[in-house]
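# Analysis of the macromolecular model
Chain residues, written in single-letter form:
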Amino acid sequence: MSSDTTTAKAPDFTATVGGTARIGANRELKRAIESYWKGQTDRASLEAVAASLRGETARQLRDAGFDSIPVNTFSYYDQMLDTAIMLGALAPRFASVEDDLDRYFAAARGTAELTPLEMTKWFDTNYHYLVPELSAQTTYSLDASKVLAELAEATNLGVDARPVVIGPITFLALAKSTDDTDPLDRLDEVVGLYEELLGSLAEAGANWVQIDEPVLCTDIVDGAAATAGKVYERLSAVAGRPAIFVNTYFGDPGAEVLAALAATDIEAIGVDLVYGSADTVASVPALSTKLLVAGVVNGRNIWRTDLDAALATLGTLLGSARAVAVSTSCSTLHVPYSLEPETELDDNLRGWLAFAAEKFTEVAVLAAALNRGRDAVADAFEASAAALATRATDPRVKVAAVRERLAAVTEDQLARGESAGRLAAQQERLGLPLLPTTTIGSYPQTSAIRKARAALRAGEIDEAEYTRRMQSEIEDVIALQEDLGLDVLVHGEPERNDMVQYFAEQLDGFFATQNGWVQSYGTRCVRPPILFGDVVRPKPMTVDWITYAQSKTAKPVKGMLTGPVTILAWSFVRDDQPEKDSANQIALAIRDETVDLEKAGIGVIQVDEPALRELLPLRDADKPDYLRWAVDAFRLSTAGVEDTTQIHTHLCYSEFGEVIGAIADLDADVTSIEAARSAMEVLDDLNAIGFANGVGPGVYDIHSPRVPSTEEITASLQAALKAVPAERLWVNPDCGLKTRGNEEVTASLRNLVEAAKTVRPAATA
């Protein structure tokens, strides 16, 4: 196909990246935004920090040798929210906020008066996006000011900037309808705005534009190939436009979708060759007229690229495309910035890893080898091969005792007694009231907690003093819950830095980074541990903390554990064995912990699995197998205790409809689940499958700073009681309270307890 519709023929690029992180290598943006929220700094100060980070990133990519630099991958909170604003599709309730930046943050976080947008996982990653709310009344209009400003900023820095936007198919497919209409029904109208956007970008001097369509690697859109062909035939026909690069990632788009895209006049197509297949590319002859942007460097995991294998893959593509550019498989939003701060890595492990900065080097090396020959960068290839060779012989990678124990697991080790009998035995033991109240686990991490943790790391206090300080925090949290009148208490998790990292630091086979921060959502950052070898629990991890808390109250205190699937999902997982095997190794470690907690007298144990939906494969054909092993791993971790011990689990911030059967199959005695932002929708799904165990639909959203009133929580409980019998209904927030402040938590929980008291008499009657 010709490309005569472009302003001028854009030169092919050879090395790039799909997108980059924006939070800052030292979380500079996080601190600047939170300072702005607190009123400690003004907008100009926040914008200065943001501009500095964008400039630093652009220069880093230029200096790495990239000849096309992505821009507009920056966001103050989330790229889907940015796209909603670009398309004039922000939910109408936020129009009352006069300042545009405060309006943006109101949509993300809510205010005292306004509920925020719903939040859920970005495909099968641990990044959360804000779900646009669309309806038949949504009035679309283009506001390209952000992307144009960032294009101009990068151009002024002297880089060859390539604006990046989320594509119209992905945006509408991932949005939420607030009425009975399908957002995709208005695809033609939205594509018209993208046509307008292309003209604006061309006028601003953009040679290329990247349009991200990861939804094309899923089964979400019926007739995806026809839809993609129609949309990009139209966009590629725009006169006077930049060259168009449609990027697909997180999986394989399939030959039909690739053929439909290749049949249009777009200039470049991106394919994920880490989670997709070069065979698919080879099966589409029409790609011979396109620039193929080959994602051979993993953008979402931290393992060093096998350069020889990647170069071999690139070589096979040369006959399938007009030209081949080297890239990461997706944005490096999902990996830490650099290995440089990780001073505690041993030489072997360091040699196996590549964070974002190292991945940029890998892309540049592969591009040089592809275009100038391997000999031009032979030293880099030899260093890579030597480092990777040590992985095969390191004794930490495979532990015979772990593998023998896993091989001996039988079906009966995955089952407990019949659920009704368990619940009766547990009620006799615990004596809980109707509509028992509880919280999910964590309480606010106070400045005293953070100072104590920092002092321990710096060697200013010893372990005994640290333990004393944490026990004091636990006493305070227990006393607060007693005062509030909660029924099942938690110890507040003051000793835990993160619900996954805390366990990874105590399990052999994991490495916890010092500065490997990754954005989870907004200003929330996590340091995913690295799972590099077989998993061993050297000793109990939580028993002393939980039993100390239990010694301070007559009410039951929950043992708090993270489930095997969530530990797997929120870690950088090893790529040398099936995820199922890694999950089961973790499950055995958690199983040992539940048994030890039970032996110590703990009657309620919560094993959180918020990531159950997150790891769900993108293609329908692959989902049943995943759900089988994920459920089995949870049951392996929890089925070692007696029926009188009550097992809870918690799930949050995902679309649960697809995994609702698996949630029931977990067979937890009580399942607490996010429901506040989604207006209790999940309860209908649970009822549809005959869910018969205890359920705690979250009655208020902890990710918003607003304090819900007693009346609001009462209304939520009354709505829940229409779907769940009172004897099975629990009352709890949506999630843990770690990120909230003490005053708002106390006020919110007081209202929660009061609402439960208000509803109980009617529920009893």
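Quantities reported herein were computed from a predicted structural model and do not represent experimental measurements.

## Regarding the environment of Thr 313
Summarising the element assignment, Thr 313 is placed in helix 11 (residues 307-317). When its relative accessible area of 25% is taken as the criterion, Thr 313 is described as partly exposed. Measuring from C-alpha to C-alpha, the distance between Thr 313 and Ser 277 comes to 9.7 Å, with 36 residues separating the pair along the chain. In this structure, Thr 313 is in contact with Leu 273, Ala 278 and Val 296, ignoring residues within four places of it in sequence.

## Thoughts on the state of the cysteines
Within this structure, the stated rule accounts for zero disulfides. With no disulfide of its own, Cys 330 lies 11 Å from the sulfur of Cys 217, the closest cysteine sulfur.

## Points about the UniProt feature "binding site: L-homocysteine" (unreviewed entry) in the chain
When the UniProt feature table is mapped to this numbering, "binding site: L-homocysteine" (unreviewed entry) covers Ile 440, Gly 441, Ser 442, Glu 493 and Asp 608. Spanning 169 residues, the named residues nonetheless gather at one spot, since no C-alpha pair among them exceeds 13.7 Å. Position of Ile 440 among the secondary structure elements: in the loop between helix 16 (419-430) and helix 17 (447-457). The residues touching Ile 440, leaving out its near neighbours within four places in the chain, are Lys 558, Met 560, Gln 606, His 650, Ser 672, Asn 732, Pro 733, Asp 734, Cys 735 and Gly 736. Structurally, Glu 493 can be placed in the loop between helix 18 (463-484) and helix 19 (501-504). The exposure class of Glu 493 is buried, given its relative accessible area of 10%. Residues contacting Glu 493, with those up to four places away along its chain left out, are Gly 441, Ser 442, Gln 445 and Met 560.

## Describing the environment of Ala 95
On the secondary structure map, Ala 95 appears in the loop between helix 3 (79-86) and helix 4 (100-109). Assessed through its relative accessible area of 60%, Ala 95 is described here as exposed. Taking the C-alpha atoms as reference points, Ala 95 and Ala 106, eleven residues apart in sequence, are found 10.0 Å from one another.

Calculation rules
- Residues numbered from 1 in each chain as written.
- Predicted model: local features only at pLDDT ≥ 70, side-chain atom pairs only at ≥ 80, totals over all residues.
- Heavy atoms only, no water.
- Helix = DSSP H or I, 4+ residues; strand = E, 2+ residues; numbered from the N terminus.
- Buried < 20%, exposed > 50% of the residue type's maximum accessible area, 1.4 Å probe, protein only.
- Contact = heavy atoms within 4.5 Å.
- Disulfide = S-S within 2.5 Å.
- UniProt positions renumbered as here; feature names shortened; annotations may be inferred.

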